[in-house]
Structures are given as structure tokens and as C-alpha cells.
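Secondary and tertiary structure notes
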Amino acid sequence: MTRRTARSRLGIGRISFGAILLASTTAMAFPAHAQDSDAGTEEAADEDTIVVTGLRETIRDSIATKRNNDLIVDALVADEIGDLPALSIGEALETLTGAGSHREQGGATEIAIRGLGPFLSSTVINGRIATNGSGDRSVNFSQFPSELFNKVGIYKTQSASMIEGGVAGQIALETVKPLDYGKRRIQGELKLNINPDNLDIDADQRFQDIGFRATGSYVDQFQLGAGELGISLGYSHNESTNPEQEANVSNTLNYCKNDTGDTSSGVFDDGNCNSDRPDQVGAEDFVIARNSYSYRQNITDDTRDSFFGALQWQPSPDVDINADFQYSKRLFREQRHDLNFSEGRRVDGASDGNHLDYDLITGPYGELFQFTGETSVESNSEYLERDEEYYGGGLSLSVQASDRLRLSGDVSYSQTHRIEEAVQVRMRIRDGLDIFGNPDQYPLAVESDGDPNNDRVETAYLIRQNGSDTLNFVVQDFDVNNYDLYRDSARLRADLEQDRYNSVFAARGDFEYEMDGFLSSIQGGVRFQELKYRDVPGAAGKSRFEHIYSNDALAIANQECRTPFPESGFMSAVSGGNPLITVVDADGNVTSTTNTFATFDALCLARTLEANNPTGELHFDEDGIPIYPTGEFDSIQNSDVNEKTWAGYLQANFDGDIGLPVRGNFGLRIINTKVRSNGFRGQLSAVYAPDTGELIDIVEDTNTLTGVSGGGSYTEFLPSFNITGELRPDLLARFAVYRALSRPDPSALGYGRTFNALIDDGSPIYSVEDAIGSANATGNPFTDPLLSWNFDAAIEWYPNEDTILAIGGYYKSFNGGFDTIGRFETFVVDGEELETLVTTLNTSDEMSTIYGIEVTAAHRFSYLPKPLDGLGFKLSYNFADSDFEIHDDTLGAITTVNNDLTTSTSEALIPPSGIFGLSKHVLSAQAYYKIGKLQLQGVYKYRSRYFQQFVGTPGRVRYVDDAGVFEARISYALNENLRLTVEGLNLFNEPRTDYRGTINDFGAVHVYGPRYYAGIRARF
């Protein structure tokens, strides 16, 4: 009897597993007996052996491993290093069934599994938890080059032996084990990166012309005494450019009453449009006003170095020792040029006569699609750097202690440190003057009450109008390209924007005891993990230098630091043929149009401003870059989290016959997690009325901080059961039920507290001990985990080695949301204890559900006549839906905590969103063709609209619109050692469009453009 056990490894020997993606049953109408006897496109090793190579080999190995695994898994596996058909791990993962990626700077980053966001999944590298620099538990997969991994996959179901942490699933990445690889291999590859959008940037301003990525790897085995030693080394260096063209609307939603009878607030106020929102729906008409609208042209440079190394030593057949190490370093630089219409809250009412001749057009929930108003215009210039380092590795030992007993142990460590710094200079228009003091450079806007305004321009905002997919503006007699007009209020900010540290130390010990009979083996083990997370508040307080320089210094810097507008064809892919800026005269006649604006060099501005109006506080390094504040300070917003987890499990594996062959496992995992969070509170002092002695106030001194520590703990039981039945030799049925757990983000576990005020119950208070205070929290270290019950079933058909048709369904019941709660904590005021009501978040007790269907298919048409026998495809489709709801933190249903810990909730003014990461439809469709030494591949990836959280403000609802991206690859083997490749990503220039609050309220559009790669690989 063959024994199969579920392990957290993607491959066993040369059988590897893979995700092969959706097809209709009509596409599967082929002869079931079709085999590869005519495989003329493969190399014949001898008269009786066909060696399958290339993408077909990857698909075939994937099918075989999926078939043989006891869990429901999808993966992409290559026997050779560097053969994964993708440029990054993120791009590889999003070809797997049910995986959808979030795209940043044109590349796949975070991965959502089966409609559940990345915070509900976990990631392991070589079976170990990986860290990140984002403050959550997801992983930025774009930092890992695919050339250094040979196996990536997603576990859809779980067993007791797997590390907990993924309600959605677990993503597994593996590097090669040198002895298991079994041969010497020396390999080098060079790819040139051509980005047409980068070549549209002025040659004197772009960081580089053409990028490249160079990869080298070495694998070998040696005899060492009576045993064997294997070594594998890999290094990748990548220099690329990923410029973006952007149109952005600020994220803050402002409720703005649209009432002609009210001129003191709302639309018909002559100032900013702000109103107090009602708690009931339908109380009054309103619009959603936004603070600002802007264009951004940016120039980027991305340099990454990655290394992996592994040693595998087998001193005897019964002992296997493995040590591995991964390292990644990224330096990202970006120059930003913004044109900002900074006063979007000045909205003209429909009956206001003092505006340009454009109607007010709104959506069903008050979204602004077109409006007019008076606005200041700003030039914002920024230079940003992000430096991120990742270390990971470990040591494992496996010993066959007896004929039946195997013992194993593993120790690992992972660490990520991210620092992001930026300098920004803002310059405004003012008084109709230019930098030389010349008057009447543009007409001053007229407010709703007829008064002229000395620093604003009459403007019409057209939001996705007239066939445009972006913002378009109409301004009255104002030239956005005139550098001289940006002459006032030169504000410089030098910010430490991020300083985040995340580490994980883990150790585990396991055993497996083989048995005779239906139970084939028993597994068990214990595991310890310690996670540490540190961060400081970015771009605020002690992490920010800010100063407004004199207009005399501004005039000098303005003239010295001008740059030509950097890019040709700016936003032309989404403007629908409309000019970005249209200039009209007082009668509404068009006088000019433009797609450019005045731009400046941010670093030059910073140096010149400081030189001509010195503060003595801003200094520069030898490269002329500001010396930013460091993260070595204490503040109430700091996070300092320590999380320790013990886990133990027992699992039985079975393989036998109960009327049909079955295999699988059942078991129980028990975990205990303790959180300890260190935070700060300001020093509190009581204020008494001098005449009555009544306690009237408590004052917080945030410059004098007091350290506090606290945290919670929880113990959870996670049972699991997986069974696979062989209905016939080519047809499998699977069923799984398990309980899973995901932990809250480390950044949400902070213990900082900001004191608000005393709670007034109407009675006088004369002592601190009789008072009750109120405070806000930066996090909640007492947050409970997110738990789910999961049910999976699947039917898988394997008519031949090249073919799979799998249909599966899943259902999850989970408490995946967060509720606003109150909890009493003790504060100290002048040495006395004060009970204080702290408003924070905790995991909801309310259960939600998600269900879905996924289809996986692949086939090679090897039975067709030549040359069509080289055709094949792999397809996948996932449908998911959920009853989970999350409300926007401004215009949704807002919950407030009452003094007795009960809560009150307002009605929602806009519809709720679904769960973070949920796309109802995710599709990946691939077609490939191999003829002789030539291989062609095309990949189409589609993801429907989904809710994408902001890390710092998760309650702000942001939607990312539907997107379909097409990629293509061509490879040609010159001989058995050399291969040429050409690849293209985002070939049809699909932008990313975001919406804020509702699915119609435009938030941003990002245009990345296509990217092309041409390379050569040498393998010996």
C-alpha cells in the first residue's frame, strides 16, 4: 500500500503540484485516451523515453502533485531553478485558481485567496512564517524574484500539522534542496527591461534609460565521508523603472448639505463646504465634497538585490540536515510632480451665478461628477526613498530513529526593516501676482456672495466626463504652465514617513510514526513562535521637519529649480482625447488647452530655500539629500508589540479501502497566544475650580510620557479532517472540514492612549477617584483572533498526464469584522487612579459567511496533427460571494460608545462594502504553443471590483475597479545550454482605477503602461 501524508511541502521527489486554471466542459471535449505518443515537440532521450520540457513539464508536474496531495492545493512548480513562467512570485501566484493580486506600480503585490483579503491568509517560505514591512501579516511578493524559487503554491484546505494563521489559505514558497535536486547546475540569465512610459520621460530627468535583471545560480553535490553534501546558491540584481501617471482625489469624505436656504454651511456657504452629518438617511440632500484634486507625474527607480543559499547534508541515509538563508534588499526612489487644485470643498450651488457655465452633476449618493468652485492652485514637488531589507532562514534536522519512527526539528528566524523618507515642497498662487510682484496675472475668483477672493481661481471640475476616465479641469484665464505664478507660502516638509521593524523567531519539533493497517501513520509536534513589531508615527510630530520659507527665498528657488515638464503623452491613455486643462476667458470662450504643468526639482528647491532663508535645523548629506528625523523617539502613537505563541498538534494519516480507495488525515491543533504591548500616555494633571474645589478638567502633557504595558491571551482548538476517495482510477472526490484562525495585524495591537476629557454626567465632582475619563486608543492588544469553520468539496478528473478538470465548492463561516467597543482602563492623575472609558476596536462576535465555486482545467492537444499538437491551455475561474459588510468610517453606519459601555449606531448614508479583498470573479486564462525549440505563451488575468483597505485607516472604504491584464512570453532554445526570451506585461496598458466611499465616487487612476523584457539564459 502506498502511504501518502499531507506535508507543508509543495513537492515530493520530482512530482510537483500546480494550479491549472478554468475551462468550460466543451473545451474538454477531447478523446480521453489521447496521450503523448506523438509528442514530436519533445526531445527523445532514447527510443523508449520522451523527455517533456518547458511549460508542458511544469503543468504536468503540477497536475501530478495536485492529484497525489491529501489536501486541496494549487501550485506552480518547475524542476529547474528559474523556470517559473513569471517575472515575480506575485505574478506567478495570481495564475493559480482563486488567487487575485493587488497591483502597485504595475506589479502584483498582495494576494487575496478565494475572495478573502491578504490579512486572512498566511505565507511560509520553506515552511516558515515570513515577515514584512507593511504592519500587517501579508507579504509583498513583488520583492521576491521568481528566478530564485522553483515552487509556489496555495493550500486551500489545512491539516493539523500546518502552521496556523490562514482562514483563507496558506501560500507556500520553496527554494531548491540541493541533494533532492540531484545534479550539478550552473546558470546565468540577463534580462533587459524596456518601459515605453519611462522612455517618454525627458532623458535628463529619468533615473535610467533601460533596466535590467541579472540572475545567477549554482547547485552541486559532493561526497562527504560516508554521506553527501549539497549546496545551492542564487543571486539576483534588478534595476527597473515603474513610472506612473496619476490623477488623484483626496481620501477624506466631507458631508456637505445641499440646501438653498442655508448659506452658513454646505454647498451655498461662500467658504468650505462642511456640514454636520445627520444620523438618519433621507434627512436632507447632500453632496460628498473632497479636499483636493490633483495630477501626479512621477519618475521612479527600483533597485533590488536578492540572495538565497542552502546546504543539505545527509551523513547517512537516516539523517537529513538542511540550512537555508534568504536575503532581499530594495531601494526605491521616486520623484513626484503634482499639480494640486487644493480647495475641492468650495462647491458652487446650482443657483449660484458666480461660476463657470458648467452644471452641478451628482450621483445617487451625493457623488460629485461635475461641479464648479473657487480654488487655490499649488505646485507640489517631492522626492521619496524607501529602503527595505528582509532576512530569513533556518536550520532543520530529520532523523529516522527506527524503522517506523522519524523525528524532526526546525529553528528559524525572519526579519524585515523598512524605512521610508520624503521631502516635499509646496508653492501656492496668491493675489494675482507673480514672483516678481507683477499684478493682474490672472483674474481673482468671485465667491458665492459676490466678494472677490485674493488667492483663488474660478474652476470647473469634470470627473470622468465626456468619455474621459480621469479628471479634467476648466480654469478661467490661468496658465498652469507659468512657473512665475507659484509665488507664495513655500512649505517644506522633510519626513520620516515609515520606520517599521518586524521579526519572527520560531522553533518546532515533530515526530511521525508509521503504522500497519488503515491508519498509515501518526504525526505530532510542538511549535513556539515569537513575533516582534515596532513602528513610529510617520510624517507627524517628531518624525517631521516643517517650515514655511520667505517669499524672497521662494522667488530664488523657483527660478533655479525649474524643470521642463518631464513626460510626453501624459494621461493620454485615459483622457478620452480631452485636454487635461482647458483655459477659458470671462465669456467662456476657449483660449488654450494643455496636458502639462509647471514642475520643479524637489531636492533643488529644498537646498535653495534653506540656503537663502536658513533655519539652521535642516541639513543635507553629501548627495544633497536632507538628513531626515530618525525613528529613535517615544510618542503615544508608537507601536511596540511582542506576541508569543505555543502550538501543539496530533494528526493521524490514513490510506486504505472502505469499498473504494481512500486516503487523508484527521487531527487537532491547539494554540495559545499571549500579546504584550508597550505604549505611552501623556502625563495627566487635575484642574480644580479655585472657589468651589470642583474638578473641572484634566490636562494631558504629551511631552511628558509615561510607559504602560498590557495585553491579552487566547487559547483555541483547531480540528481538521481531509479525505480523498478514488471513485475510479482517473476520478477523485475530496472533502474537507477544518477550523482555521487568523490573527489581527501587529500594527493594530498598539497600547498608546490619548486622553480626551472628563465624562460629564451633570453632577459636580470633587475628586479624581469619583470621576470617569474618556480616551482614544492607537490599538487594542486585547484583540481576539478571527476564527472560521471551513467546508470544502471537489471532484477532479485526470484523463491523462496533461489533463485535469476539477470543480470545487467551499463555504466558510467566520467572524471576520471589527466592532467599535469601549473598555475601562486605569489612568493615573497626580498619583490617583482614574477609571477611563477607552474607545477601540475588537473582533466582532457576529458571524458572516462566504461561499464560492472554483474550476480548474488544463489540456494539451497532443493528438492533433502536426504542427497543432503543440497547443495547450490552462485556465481557472473562481466565483465568491459573502454576506459580510463593512461601513465607511465617515458616511457609513457610525458606532459610538456610551458611558455605560453600550453602543449607539447611526444609519448609513452610503452603502456598505464587502470583506477586504473580495472579488466575485477571478479568472486566469493561459494558452501555450510549443513547436520544436520555440515556445509561445499568452496569459490573461481578470479580477472584478474589490475593497482594498488602507493600512493606516482600515475603516476608509476604497474600491479597486475591474481590471484585465494580458501578458505574453516567447522563448527559443538556441541549443541545450542557451535560451532566448521575450516577455511583455500589461500589453494593452490597463490602468488601475480606485473609488472612495461608493463604487461611483472617483478616487484615483494609475496608468502604468506596458513593460517589455528581452533576455538570454545560459545553463550548464
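Everything here concerns the structure above.
To keep things clear, this report deals only with the structure shown in the data block. Predicted model, so just to flag it, every value in this text is computed and none were measured. (Residues numbered from 1 in each chain as written. Predicted model: local features only at pLDDT ≥ 70, side-chain atom pairs only at ≥ 80, totals over all residues. Heavy atoms only, no water.)

1. Some thoughts on the overall build of the protein
We apply this condition: In DSSP terms, a helix is any run of H or I states spanning at least four residues, a strand is any run of E spanning at least two, and both are numbered starting from the N terminus. Computation of the radius of gyration draws on C-alpha atoms, with the globule rule given as 2.2 Å multiplied by the number of residues to the power 0.38. Burial status follows relative accessibility: with a 1.4 Å probe on protein chains alone, a residue under 20% of its type maximum counts as buried, one over 50% as exposed, and anything between as partly exposed. Note on definitions: a residue-residue contact is assigned when non-hydrogen atoms from the two residues lie within 4.5 Å. Working definition of accessibility: Shrake-Rupley area with a 1.4 Å probe, residue cover restricted to the visible protein chains.
Regarding its fold elements, the protein presents 6 helices and 56 strands. A compact globule built from 1020 residues would reach a C-alpha radius of gyration of about 31 Å, and the protein, at 31 Å, matches this within 12%. Projecting the C-alpha coordinates of the protein onto the three principal axes gives extents of approximately 90 × 70 × 55 Å. Scored against the burial criterion, the 1020 residues of the protein give a buried share of 59%. Pairs at least 24 apart in sequence give 76% of the contacts found in the protein among residues at least 6 apart. Surface summary for the protein: the accessible area is close to 38300 Å², and the carbon and sulfur share equals 52%.

2. Things to note about the nonpolar core
Put simply, the rule is: Joining through side-chain atoms within 4.5 Å is the link that ties buried Ala, Val, Leu, Ile, Met, Phe, Trp, Tyr and Cys residues into a set, and such a set is a nonpolar core.
In terms of nonpolar packing, the biggest core is built from 66 residues, with Y295, F478, Y486 and L492 touching the most fellow members. At 6 residues, helix α6 (residues 602-612) tops the list of elements feeding residues into this core. Residues L84, L96, F144 and Y181 belong to the second largest nonpolar core, which totals 48 residues.

3. Quick notes on the pattern of salt bridges
Going by this rule: Salt bridge, as applied in this entry: a Lys or Arg side-chain nitrogen positioned within 4 Å of an Asp or Glu carboxyl oxygen.
Overall, the coordinates contain 63 salt bridges when judged by the stated rule. A salt bridge links K920 to D881; the nearest nitrogen and oxygen atoms lie 3.7 Å apart. Placement of the pair is K920 in the loop between β47 (903-905) and β48 (921-931) and D881 in strand β45 (residues 871-882), with a sequence separation of 39 residues. Residue classification places D881 among the buried positions, given a relative accessible area of 18%.

4. So, the sheet that holds strand β20 (residues 361-362)
The cut-off we apply is this: By this definition, two strands are paired if DSSP reports at least two bridges between them.
Within the open sheet, the 6 strands sit side by side as β20-β21-β24-β25-β30-β31. Their pairing is mixed. Sheet topology places β20 and β31 (590-594) at the edges, where each strand pairs with a single neighbour.

5. Quick look at the state of the cysteines
Quick note on the threshold: Note on terminology: pairs of cysteine sulfur atoms within 2.5 Å are recorded as disulfides.
All chains considered together, the criterion is met by 2 disulfides. The disulfide that involves C561 links it to C604, with 2.0 Å between the sulfurs. In this structure the cystine formed by C561 and C604 twists about its S-S bond by roughly -70°; its chirality is therefore left-handed. With C561 in the loop between α5 (551-560) and β29 (562-563) and C604 in helix α6, the pair connects residues that are 43 residues apart, well separated along the chain. Assigned by exposure class, C561 and C604 land together as buried.

6. Description of the environment of N703
Along the chain, N703 turns up in strand β35 (residues 695-710). Sequence separation of N703 and S635 is 68 residues, and the distance between their C-alpha atoms is 8.4 Å.

7. Some words on the pairing of β48
Across 9 bridges, the pairing between β45 and β48 is antiparallel. Residue pairing for β48: G872 is matched across the bridge by Y928. Two strands pair when backbone bridges link them, and β48 and strand β49 (residues 934-943) are joined in this way by 10 bridges, in the antiparallel orientation. Considered in β49, the bridge of Q926 is made with V939. What sits between β48 and β49 in their antiparallel hairpin is a turn of 2 residues, with G932 showing a positive phi close to 60°.

8. A closer look at the side chain of E334
Rules: Within 3.5 Å is the distance limit for a polar contact, defined as a pair of N or O atoms, with the added protein rule that one can donate a hydrogen and the other accept it, and that residues adjacent in sequence qualify only through two side-chain atoms.
Here E334 lies in strand β19 (residues 319-341). Within the structure, the side chain of E334 is placed 2.8 Å from the side chain of N298, a separation counted as a polar contact. Apart from residues no more than four positions distant in its own chain, E334 is found in contact with Q105, N298, I299, T300, E382, Y383 and L384.

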